[in-house]
Amino acid sequence: MTDSPEPFIQIRDLHKSFGDLKVLQGINLDIPAGEMVSVIGPSGSGKSTLLRVLMTLERPEQGEVLIGGEPLYSMDGEGHTTLPPKAQFRALRNRIGMVFQHFNLFPHMTVLRNVTEAPVRVLGVSRKDAKAEAMKYLDEVGLAEKADAYPAQLSGGQKQRVAIARALAMHPEIMLFDEITSALDPELVGGILALLDRLGKRKEMTMLIVTHHMNFARQSSDRVLFFDGGVILEDGKPDDIFTHPTHDRTREFLKSVLEV
Amino acid sequence: MSFAPPFDLLPPLLVGLGKTLQLTAGGILLCVLLALFAGLGKVSGIPPLRWLANIYVEIFRGTSALVQLFWFFFVLPFFGVSLEPMLAGILVLGLNSGAYGAEVVRGAIQAVSHGQKEAATALGFTPRQTLWRILLPQAVVSMLPPMSNVFIELLKNSALVSVISVHDLTFVAQIHRADSLRTTAIFSIVLVLYFAVAQGLSRGMSFLEKRLSRGRDLGGVKA
């Protein structure tokens with residue numbers, strides 16, 4: 001083993017169930033800072049749930065998660081997950097951002113307001129500074145001219161770009177992308193994936209991307225995880241996983257999705 | 001029965017209408033406050049607030065407004081609290097409609113897409129900020145049409161206060177009917193007056209709804 005620095009995200013034996021349905025059944029994962037990880041696998045395999053647990057939208061029953069060495073979830077003596085004190089939990093959560101499949105833009109706010117609201121209310125940035133920065137991010141996603149529009153006036157692809165700008169404006173160290181192209185018309189997908197690729201190349205954020213686009217996973221990411229039945233069945237370099245998968249389940253999955 | 005235009009009846013009836021409008025306005029004000037508090041209480045994460053809101057809603061929704069009025073006016077004095085008829089009227093109208101309004105508020109908040117709350121959490125908003133800045137502004141628009149019904153119901157219930165001798169439109173109408181026996185004219189005018197006020201309320205609320213929903217995607221789901 002090389003004595004590489006401590007991984008930025010450390011996940012230990014993470015379990016999550018919905019009623020009787022065990023969705024995550026012992027996830028163990030280390031991710032170094034700046035890595036771009038694509039998460040693939042059949043639906044219901046737990047990919048999105050892992051992201052939602054990291055974003056604290058779901059609470060795991062069991063397991064530990066460390067972000068930069070600080071516990072987001074830890075275990076008490078009886079094997080149950082506990083959270084750190086509220087302020088610490090919130091501070092840690094604010095280092096994580098998420099983009100959703102259905103965009104979830106705030107419909108009662110303009111595009112600009114969607115992007116500035118959290119920096120102003122959560123980080124305490126002045127409106128003026130927040131606006132200047134929001135325009136920078138909107139420009140980055142190619143939508144500066146839509147700053148005063150309402151979400152209802154945008155196409156799906158434009159909405160998703162705004163959602164990405166909104167998440168970027170919080171300067172997250174970790175960014176979670178949950179099937180962000182699945183609700184888009186096919187011709188809009190390429191632009192969003194190119195944007196992800198550009199963000200990943202900069203190595204400024206650690207990115208976890210749940211995606212059904214195998215070409216993107218193979219060409220743009222540093223690493224690919226294959227989920228099946230609530231565990232990580234395969235974890236490695238994209239080329240290795242796509243050319244020499246070690247499990248039959250991976251081969252079957254890749255065969256079925258690549259043949260479509 | 002007289003066929004002369006009943007203009008002479010208008011002045012006293014309009015005085016009664018003035019009282020009815022006061023009752024309605026006061027009742028609506030109280031109703032909105034209570035509906036907001038109890039509606040938010042019902043979706044609160046703090047159990048005692050939820051219980052309190054539920055008890056209030058169930059009691060006032062589950063008993064007769066007329067009996068509530070008798071109780072506030074005739075029973076409270078036994079406990080040393082004597083209310084002016086007008087005040088008792090406004091309290092009962094507000095408390096009664098507020099219970100229905102609370103359900104409207106609760107329903108509208110819960111109808112905002114779950115994704116909105118998740119996006120707010122992901123951006124680091126506190127639960128309070130999420131409620132006031134993200135959920136409520138969206139919920140308000142969908143509260144208006146059902147709230148309009150609650151307000152109109154309140155207006156119509158205001159006629160009940162004539163039994164505790166508030167000189168509202170209905171009370172004045174009964175007095176004049178007894179004096180003049182011009183039953184058809186009086187009660188026709190009274191019907192028209194109630195209808196006119198209800199129309200005013202209904203149109204005002206539609207106007208508010210249009211104003212607030214300008215530029216917005218109301219569903220909130222696709223945005």
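Residues numbered from 1 in each chain as written. Chains lettered and ligands numbered in written order. Predicted model: local features only at pLDDT ≥ 70, side-chain atom pairs only at ≥ 80, totals over all residues. Heavy atoms only, no water.

1. Observations concerning the overall build of chain A
Point 1. Assigned secondary structure in chain A consists of nine helices and 11 strands.
Point 2. Taken against the 2.2 N^0.38 rule, which gives 18 Å for 260 residues, the C-alpha radius of gyration of chain A at 19 Å falls within 12% of a compact globule.
Point 3. C-alpha extents for chain A along the principal axes are approximately 50 × 50 × 40 Å.
Point 4. With 260 residues in all, chain A has 53% of them scored as buried.
Point 5. Pairs at least 24 apart in sequence give 63% of the contacts found in chain A among residues at least 6 apart.
Point 6. Surface exposure of chain A reaches about 11,400 Å², of which carbon and sulfur atoms provide 49%.
Point 7. Seen as two clouds, the 30 positive and the 35 negative side-chain charges of chain A have centres 7 Å apart. (Helix = DSSP H or I, 4+ residues; strand = E, 2+ residues; numbered from the N terminus. Rg over C-alpha atoms; globule rule 2.2 N^0.38 Å. Buried < 20%, exposed > 50% of the residue type's maximum accessible area, 1.4 Å probe, protein only. Contact = heavy atoms within 4.5 Å. Areas by Shrake-Rupley, 256 points an atom, 1.4 Å probe, with all protein chains shown as cover. Lys, Arg positive; Asp, Glu negative; His and termini not counted. Charge placed at Lys NZ, Arg CZ, Asp CG, Glu CD.)

2. Description of the side chain of A:Q10
Point 1. Relative to the helices and strands, A:Q10 is located in strand β1 (residues 9-18).
Point 2. Polar side-chain contacts of A:Q10 include one of 3.4 Å to the side chain of A:E6. (Polar contact = N/O pair within 3.5 Å; in protein donor to acceptor, adjacent residues only side chain to side chain.)

3. Some details on the pattern of salt bridges
Residue and element names in this part refer to chain A.
Point 1. Counted according to the given criterion, the structure contains 25 salt bridges over all chains.
Point 2. Here D197 and K201 are joined by a salt bridge, their closest N and O atoms 3.0 Å apart. Of the two residues, D197 and K201 both sit in helix α6 (residues 186-202), four residues apart, roughly one turn of that helix.
Point 3. Overall, the relative accessible area of 21% leaves D197 in the partly exposed class.
Point 4. Residue R223 pairs with D235 through a salt bridge whose shortest N-O separation is 2.8 Å. In this pair, R223 sits in strand β10 (residues 223-228) while D235 sits in strand β11 (residues 231-236), placing the two residues 12 residues apart along the sequence.
Point 5. The exposure class assigned to D235 is partly exposed, which follows from its relative accessible area of 40%.
Point 6. Among the ionic contacts, a cluster of salt bridges with common partners joins R113, E117, R121 and R127. (Salt bridge = Lys/Arg side-chain N within 4 Å of Asp/Glu carboxyl O.)

4. Brief notes about the sheet that holds β11(A)
All names here are of chain A.
Point 1. As summarised here, the arrangement of the six strands in space is β7-β8-β9-β3-β10-β11, forming an open sheet in which the pairing is mixed. The two strands at the open ends of the sheet, each matched to only one other strand, are β7 (96-99) and β11. Mean inter-strand twist for the sheet, computed between neighbouring axes without regard to direction, equals 20 degrees.
Point 2. The pairing of strand β3 (residues 36-40) with β10 spans four bridges and is parallel. What sits directly across from I40, in β10, is F226. (Pairing = 2+ DSSP bridges. Axes fitted to C-alpha atoms, helices over the stretch in contact; angles between N-to-C directions.)

5. Digging into the nonpolar core
Point 1. With 99 residues, the main nonpolar core has A:I11, A:L50, A:I67, A:L176, A:L208 and B:L13 as its most contacted residues.
Point 2. For this core, the element with the highest residue contribution is helix α6 (residues 127-157) of chain B, accounting for 13 residues.
Point 3. For A:L208, the residues in contact, after removing those within four places along its chain, are A:I9, A:I31, A:V37, A:L50, A:L51, A:L54, A:M175, A:L176 and A:F177.
Point 4. One finds A:Y137, A:L143, A:A167 and A:I192 within the second-largest nonpolar core, a separate group that totals 36 residues. (Core = buried A, V, L, I, M, F, W, Y, C linked by side-chain atoms within 4.5 Å.)

6. What about the sheet that holds strand β5 (residues 70-75) of chain A?
Strand pairing in a sheet relies on backbone hydrogen bonds. The paired strands run either parallel or antiparallel.
Residues and elements named next belong to chain A.
Point 1. In space, the five strands of this open sheet follow the order β2-β1-β4-β5-β6, with antiparallel pairing throughout. Because the sheet does not close on itself, it has two edges, and the strands there are β2 (21-31) and β6 (81-82).
Point 2. Direction of pairing for β1 relative to strand β4 (residues 62-67): antiparallel, over a ladder of five bridges. When the sheet's bridge partners are listed, R12 is paired in β4 with E64.
Point 3. Here helix α1 (residues 47-54) sits on the sheet and contacts β1, β2, β4 and β5; the angle it forms with β1, its principal contact strand, is near 115 degrees.
Point 4. Packed onto the sheet, helix α2 (residues 86-93) meets β4 and β5 and runs at close to 120 degrees relative to β5.

7. Some words on the packing of aromatic side chains
Point 1. Per the counting criterion, the structure on display carries seven aromatic pairs over all chains.
Point 2. The structure contains a cluster of three or more aromatic residues connected by ring pairs, namely B:F70, B:F73 and B:F74.
Point 3. In this structure, A:K136 packs its charged tip against the face of A:Y137, placed 5.0 Å from the ring centre.
Point 4. Lying over the aromatic face of A:F106, A:R166 brings its terminal NZ or CZ to 4.5 Å of the ring centre. (Phe/Tyr/Trp six-rings, centres within 6.5 Å; stacked < 30°, edge-to-face > 60°. Lys NZ or Arg CZ within 6 Å of the ring centre and 35° of its normal.)

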